[in-house]
There are 2 protein chains.
Amino acid sequence: MPYHPSHLTAFAFAAVLTLSMALAGPAHAETTAFPDAIESDPARLGWMVGSPPPPDRILRFEDGSYFRFPAMRWSVSHFRQLMPTINVSRGTAAAGRLRQALRDDIDDVTFLPMGSDRPMSWRDALLENYTDGIIVLHKGRVVYERYFGVLTREGQHGVMSVTKTFVGTLAAMMVADGELDPERKVEEYVPELARSAFGNATVRQLMDMTTGIRFSEDYADPNADVWAHAAAGNPLPKPADYQGPRSYYEFLQTVQPEGTHGEAFHYRTANTDALGWVLARVSGRSIAQLLSEKIWRKLGAEQDAYMSVDSTGTPFAGGGLNMSLRDLARFGEMIRQDGRYNGQQIIPKAAIADIRQGGSKEAFSKAGYALLAGWSYRNMWWVTHNPHGAFMARGVHGQALYIDPVAEMVIARFASHPVATNAANDPTSLPAYQAVAAYLMGRKQVTPEK
Amino acid sequence: MPYHPSHLTAFAFAAVLTLSMALAGPAHAETTAFPDAIESDPARLGWMVGSPPPPDRILRFEDGSYFRFPAMRWSVSHFRQLMPTINVSRGTAAAGRLRQALRDDIDDVTFLPMGSDRPMSWRDALLENYTDGIIVLHKGRVVYERYFGVLTREGQHGVMSVTKTFVGTLAAMMVADGELDPERKVEEYVPELARSAFGNATVRQLMDMTTGIRFSEDYADPNADVWAHAAAGNPLPKPADYQGPRSYYEFLQTVQPEGTHGEAFHYRTANTDALGWVLARVSGRSIAQLLSEKIWRKLGAEQDAYMSVDSTGTPFAGGGLNMSLRDLARFGEMIRQDGRYNGQQIIPKAAIADIRQGGSKEAFSKAGYALLAGWSYRNMWWVTHNPHGAFMARGVHGQALYIDPVAEMVIARFASHPVATNAANDPTSLPAYQAVAAYLMGRKQVTPEK
């Protein structure tokens, strides 16, 4: 019997995080009025400040208060203070140097938001998108870096579904290294999934999210699968009358088929959790350990990263990763440089090539993302197929890693946009990235015409 | 009404951590038989390994399984994976170098355990004490370093009540800097404590634990104060019928007087939590922030440290700190060098002098520590007053930082001894430290006579 979210309020609310991370469908932004970026600034609102903080400024994991807007703007930079986590160690060597060549003139770059005829400046777009931190690298140098609210250079922020991109990249590395066969069935690696919808899907179908699984994200439906996923992964004690799956792995075994594997792109968080299980089983290591050993220790990261875990210690592969903004930028720069960075080949070139070539545009088009026409999805990367061959990692509430090979540009952004779908911030993000790319390439900045 | 621990089993068990940290009374070791260090090795027992781990190898915060021996031997190196925590940032600079001059011959140094006539080797004492990691610095160089079980150089371990020493040191720094007046009453800094037993105590009495407060640690008594302390600080959701204090700060306000302030040393964890509140109120910063700003960022630490927090985000000042072994050693070396380390004066010399001179031996003697005759307690440091002027930080289950100024030696040790009082490991620890000190000073190693 599926877990009914209205049954035990506190527990269900605490599941909001996982839910929200899972949200990335093609829905358009609601037009609900939210306080703007200045009014909702978490530093201004003083969450969790004081000894003790005022009662109305205390945020708790258990009652869901931490993830209601605008409190969520504090929480995305403090997940560790709210829930158990596992480290992604950087090791103890000195961090790699990020050279700077700051260009504050980027603030005045303008662009036309999608569907709008009013030019907007880069500076204004940062507020419009509730940006918490943004960094632009050009030819490997920091040309722009800003932090807002409670995020600092030394802070860490949830990357939400950008986590999926890290997991997909790990899988692509293991494929390139011959450790993982993408054409084998999932059940061959994880027999426990044989009777679930994942069992007869291929690893490649997981990696590209073309499985045919039932995973409803209809929040109005108390029997929606997404509630069961969230409840299963919630690390808090389960209510006494709870009957559902008690971990991510238990949940995955309950997922039912819907449609046919390999036909269409369906963005479903559960695919990444299943892929995470495959990688853990193949390697004998958790996703957190894999990330540390294969990427983080080699990247010259300046901080450890961390992941949220369920009650059995399994990291949330679909959305539980947190890191510093500069380290996300380092990861992007490493990808841009075909996997070679910090003096070593971290990711096989073949894996990078496979990411950049993208997936099936036809399969992608069936998902109906109105703002992402012509894109594809490969190894859990979003590939624009634009003239610059740009590709992205995307996470709910505006997390982004945007790599533009032609402009030799990498943008990493953390945000806490009130609307839980990127369709709400894409119109003022994607054209802004393209405008800065053109600007950095030396094209004359022209105020866009109507 | 005090919270009754047997009322809601899961919640009460989860409180065990806090309880155990609080335990450091003069009680003698029980003679209960426990599996030895090899049999109880957490790596050998395979806790939390696998995808998923076998059911009998999964440890949970909520049911207390994580802190039963021998599972506790895994948990002390993985608190972060079990509960919410707050970072103590090292910043992002390169770590300070710890030079090495290894002396493996230390393994063969022998000593006479207290109350025994059979010599024991240093090597054997490590197993006897369920050591998880130990490092010896001589003249600032690493002469000995070992890790056991699941702890590695890059891991982190709970320092338990060594946390108190960090908080006491912060207080001594703020006194030396004129930011805190040790002779003022606690209620002058924290008016909320006016009606508790702490209100009319001086800050100095908190710092030296000579307050007269009622804080029973009788585990057989379900109304013992220690249960209420643990339940209040537990970050898990409170049971629906829970009536007690809901945070460390709320608990502190309920503490009742017993005896007279300033007469005798009484080791009570609540004193440190109250001191933490004073420091937070005076500085406008949490203990975690203070540790980061005043010590960790300056020390050349190679890893961030972290602290457990209650449900209002207050770090557990009495015992919630975790760090790497090498960073604990760096802290000890900085203290040994009169506060100057890593190219800067981190702690005022006056504060170090005040620690080293110790507290009242008379007040200390009233606490009845049979194994620690002639010692005193000052600024939450344990001062031996032995011929070398050695002084220590001590945490339950065998955590130790031992500083011997005459031998120019610092020893940092993490352990997971099954018995929750240091009286169980002191007999094979304190004489061992003294023997290594003598050995490093070049005294001829002689097998101790009966």
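As annotated in an unreviewed UniProt entry, chain A carries the name 6-aminohexanoate-dimer hydrolase and comes from Isoalcanivorax pacificus W11-5.

*Asks:* What is the right way to look at the overall build of chain A in this model?
*Replies:* Along the backbone of chain A there are 16 helices and 15 strands. A globule of 450 residues ought to have a C-alpha radius of gyration of about 22 Å, and chain A, at 21 Å, matches this closely. Dimensions of chain A along its principal axes, counting C-alpha atoms only, are 60 × 55 × 50 Å. Among the 450 residues that make up chain A, the fraction classed as buried is 64%. Put simply, of all contacts in chain A between residues at least 6 apart along the chain, 70% involve residues at least 24 apart. A total of about 15,800 Å² of accessible surface is found on chain A, and carbon and sulfur atoms cover 49% of it. For chain A, the distance from the average position of its 44 positive side-chain charges to the average position of its 47 negative side-chain charges is 6 Å.

*Asks:* It is not clear to me how the packing of helix α6 (residues 162-176) of chain B against helix α11 (residues 269-283) of chain B should be interpreted in this structure. Could you clarify?
*Replies:* Geometry of a packed helix pair, given as the angle between the helix axes and the separation of the axes. Residues and elements named next belong to chain B. Look at α6 against α11: their axes get within 10 Å of each other, and the N-to-C directions meet at 40 degrees. Between α6 and α11, the angle falls in the class oblique. Here the hand of the crossing between α6 and α11 comes out left-handed. Counting all contacts with α6, which are made through K164, V167, G168, L170, A171 and M174, the residues of α11 involved are T269, T272, L275, G276, L279, V282 and S283. For the contact of α6 with α11, the per-class residue count stands at 7 nonpolar, 5 polar and 1 charged.

*Asks:* What is the right way to look at the sheet that holds strand β11 (residues 376-378) of chain A in this model?
*Replies:* Hydrogen bonds between backbone groups are what pair the strands of a sheet, and the pairing can be parallel or antiparallel. Residue and element names in this part refer to chain A. Spatially, 7 strands are ordered β5-β4-β15-β14-β13-β12-β11 in an open sheet, and the strand pairing comes out antiparallel. On the outer flanks of this sheet lie β5 (141-147) and β11, each paired with one strand and no other. The average angle at which neighbouring strand axes cross in this sheet is 20 degrees, direction not considered. Contacting β4 (131-138), β5, β12 (381-383), β13 (391-395), β14 (399-404) and β15 (409-415), helix α13 (residues 325-336) crosses the sheet at an angle of about 150 degrees to β15.

*Asks:* Can you help me understand the packing of aromatic side chains in this one?
*Replies:* Within the structure shown, the criterion is met by 52 aromatic pairs over all chains. With a centroid separation of 5.4 Å and 75 degrees between ring planes, the pair formed by F34(A) and F69(A) is classed as edge-to-face. Here F69(A) lies in the loop between α3 (42-45) and α4 (72-75) and F34(A) lies in the loop between α2 (16-22) and α3, a separation of 35 residues in the sequence. F34(A) gets classed as partly exposed once you look at its relative accessible area, which sits at 32%. For the ring pair W381(B) and F391(B), a centre distance of 5.4 Å and an interplane angle of 65 degrees mean the geometry is edge-to-face.

*Asks:* Would you mind showing me how to read the environment of Y433(A) here?
*Replies:* All names here are of chain A. Summarising the element assignment, Y433 is placed in helix α16 (residues 430-440). Y433 sits in the buried class, given a relative accessible area of 2%. Spatially, the C-alpha atom of Y433 lies 18 Å from that of R330, the residues being 103 residues apart in sequence. Dropping the residues within four chain positions of it, Y433 is found in contact with W122, M392, A400, Y402, M409, I411 and R413. Side-chain polar atoms of Y433 contact the side chain of R413, separated by 3.3 Å.

*Asks:* Please clarify how helix α11 (residues 269-283) of chain A should be interpreted in this entry.
*Replies:* Residues that lie three or four places apart on an α-helix share one face, since the helix turns once every 3.6 residues. Residue and element names in this part refer to chain A. Here α11 is 15 residues long and its end C-alpha atoms lie 21 Å apart, about the 21 Å a rise of 1.5 Å per residue gives. Buried residues dominate α11, accounting for 13 of its 15 residues. Positive backbone phi, at 70 degrees, marks G284, one or two positions downstream of α11.

*Asks:* Teacher, can you tell me more about the relation of the copies chain B and chain A here?
*Replies:* The two chain copies are related to each other by a rotation about an axis together with a translation along it. Relative to chain A, chain B is turned by 180 degrees and slid 0.0 Å along the rotation axis, the superposed coordinates differing by an RMSD of 0.0 Å. On the angle and the small slide along the axis, the relation comes out as a two-fold axis. With an isologous cut-off of 70% or more, the 100% of interface residues of chain B that recur at the interface of chain A puts this contact in the isologous class.

*Asks:* Looking at this structure, how should I read unusual backbone geometry?
*Replies:* Excluding glycine, residues mostly have negative phi values, and the peptide bonds linking residues are mostly trans. Residues and elements named next belong to chain B. In this model, S51 is joined to P52 through a cis peptide bond whose omega is 0 degrees. Tracing the backbone through its elements, the reader meets P52 in the loop between α3 (42-45) and α4 (72-75). Looking along the chain, the bond that leaves F69 and enters P70 is cis, with omega of 5 degrees. Its location among the elements puts P70 in the loop between α3 and α4.

*Asks:* Sorry if this is basic, but what is going on with the confidence of the model for chain A here?
*Replies:* As a note on interpretation, predicted positions should not be read in detail where pLDDT is low. All names here are of chain A. Averaged over every residue, the pLDDT of chain A is 92; the share at 70 or more is 91%. Considering only residues more than four positions removed or in separate chains, one finds that residues 1-14, a stretch of pLDDT under 50, has 36 contacts. Predicted confidence for residues 16-30 stays below pLDDT 50, and this span has 50 contacts to residues more than four positions away or in other chains.

*Asks:* Looking at this structure, how should I read the pairing of strand β7 (residues 305-308) of chain B?
*Replies:* Looking along a regular strand, one sees side chains alternate from face to face of the sheet. Residues and elements named next belong to chain B. Of the two faces of β7, the one lined by A305 and M307 and the one lined by Y306 and S308 are each fully buried. Relative to β7, strand β1 (residues 85-88) is paired through 4 bridges, and the arrangement is antiparallel. Residue pairing in the sheet places V88 in a bridge with A305 of β7. Examined bridge by bridge, β7 and strand β8 (residues 321-323) share 2 bridges and lie antiparallel to one another. Among the inter-strand pairings, Y306 is bridged to a residue of β8, identified as N322.

*Asks:* Would you mind showing me how to read the interface of chain B and chain A here?
*Replies:* Note on interface size: it is often stated as the accessible area lost on association of the parts. With 39 residues of chain B at the interface, the matching set in chain A holds 39 residues. In total, chain B and chain A occlude about 3,000 Å² of area from one another, counting both sides; carbon and sulfur atoms represent 49% of this. Between chain B and chain A we count 2 salt bridges in total. At the surface where chain B touches chain A, the tally comes to 14 residue pairs in polar contact (both at pLDDT 80 or more). Contributions of two or more residues to the side of chain B that touches chain A are made by β1 and α11 of chain B. In terms of residue class, the side of chain B that touches chain A is built from 17 nonpolar, 12 polar and 10 charged.

*Asks:* For this particular structure, what's the right way to read the pairing of β14(A)?
*Replies:* Residue and element names in this part refer to chain A. Of all 6 residues in β14, 6 are buried; the element is thus mostly enclosed. Every second residue of β14 is oriented toward a common face, with Q399, L401 and I403 on one face and A400, Y402 and D404 on the other, all of them buried. Pairing between β13 and β14: 5 bridges, direction antiparallel. Its bridge partner lying in β14, R394 is registered against A400. Linking β13 back to β14 in an antiparallel pair, the connection comprises 3 residues, with H397 at a positive phi of about 70 degrees. Summarising the sheet, β14 and β15 pair through 5 bridges and their orientation is antiparallel. Opposite D404, over in β15, you have M409 as the bridge partner.

*Asks:* What am I meant to see in the sheet that holds strand β14 (residues 399-404) of chain B here?
*Replies:* Residues and elements named next belong to chain B. Judged by pairing direction, the sheet is antiparallel, and its 7 strands sit side by side in the order β5-β4-β15-β14-β13-β12-β11 without closing on themselves. Lying at the two open borders of the sheet, with one neighbouring strand each, are β5 (141-147) and β11 (376-378). Neighbour to neighbour, the strand axes of the sheet diverge by 20 degrees on average, direction disregarded. The strands touched by helix α16 (residues 430-440) are β4 (131-138), β5, β13 (391-395), β14 and β15 (409-415); relative to β15, the strand with the most contacts, the crossing angle is about 145 degrees.

*Asks:* Teacher, can you tell me more about the pattern of salt bridges here?
*Replies:* Opposite charge on two side chains permits them to pair, given that their charged atoms come into close proximity. All names here are of chain A. Inspection of the entire model under this criterion finds 50 salt bridges over all chains. Between R103 and D105 there is a salt bridge, and its shortest N-O distance comes to 3.3 Å. What makes R103 partly exposed here is its relative accessible area of 29%. Using a relative accessible area of 30% as the deciding quantity, one classes D105 as partly exposed. Through salt bridges that share partners, E145, R153, E302, R326, D327 and R330 make up one connected network.

*Asks:* Teacher, can you tell me more about helix α13 (residues 325-336) of chain B here?
*Replies:* Residue and element names in this part refer to chain B. Spanning 12 residues, α13 covers 17 Å between terminal C-alpha atoms, matching the ideal 16 Å at 1.5 Å per step. Most of α13 sits out of view: 12 of its 12 residues are buried. Among the residues of α13, those classed as buried are L325, R326, D327, L328, A329, R330, F331, G332, E333, M334, I335 and R336. Looking at the residues trailing α13, positive phi occurs at D338, about 55 degrees.

Procedures and definitions
Residues numbered from 1 in each chain as written. Chains lettered and ligands numbered in written order. Predicted model: local features only at pLDDT ≥ 70, side-chain atom pairs only at ≥ 80, totals over all residues. Heavy atoms only, no water. Helix = DSSP H or I, 4+ residues; strand = E, 2+ residues; numbered from the N terminus. Rg over C-alpha atoms; globule rule 2.2 N^0.38 Å. Buried < 20%, exposed > 50% of the residue type's maximum accessible area, 1.4 Å probe, protein only. Contact = heavy atoms within 4.5 Å. Areas by Shrake-Rupley, 256 points an atom, 1.4 Å probe, with all protein chains shown as cover. Lys, Arg positive; Asp, Glu negative; His and termini not counted. Charge placed at Lys NZ, Arg CZ, Asp CG, Glu CD. Axes fitted to C-alpha atoms, helices over the stretch in contact; angles between N-to-C directions. Parallel < 35°, antiparallel > 145°, perpendicular 65-115°, else oblique. Left-handed = near helix turned anticlockwise from the far one by under 90°. Nonpolar A, V, L, I, M, F, W, Y, C, P; charged D, E, K, R; others polar. Pairing = 2+ DSSP bridges. Phe/Tyr/Trp six-rings, centres within 6.5 Å; stacked < 30°, edge-to-face > 60°. Polar contact = N/O pair within 3.5 Å; in protein donor to acceptor, adjacent residues only side chain to side chain. Expected span 1.5 Å × (residues − 1). Least-squares fit on C-alpha atoms with pLDDT ≥ 70 in both. pLDDT = per-residue confidence, 0-100. Buried area = accessible area lost by both parts, 1.4 Å probe. Salt bridge = Lys/Arg side-chain N within 4 Å of Asp/Glu carboxyl O.

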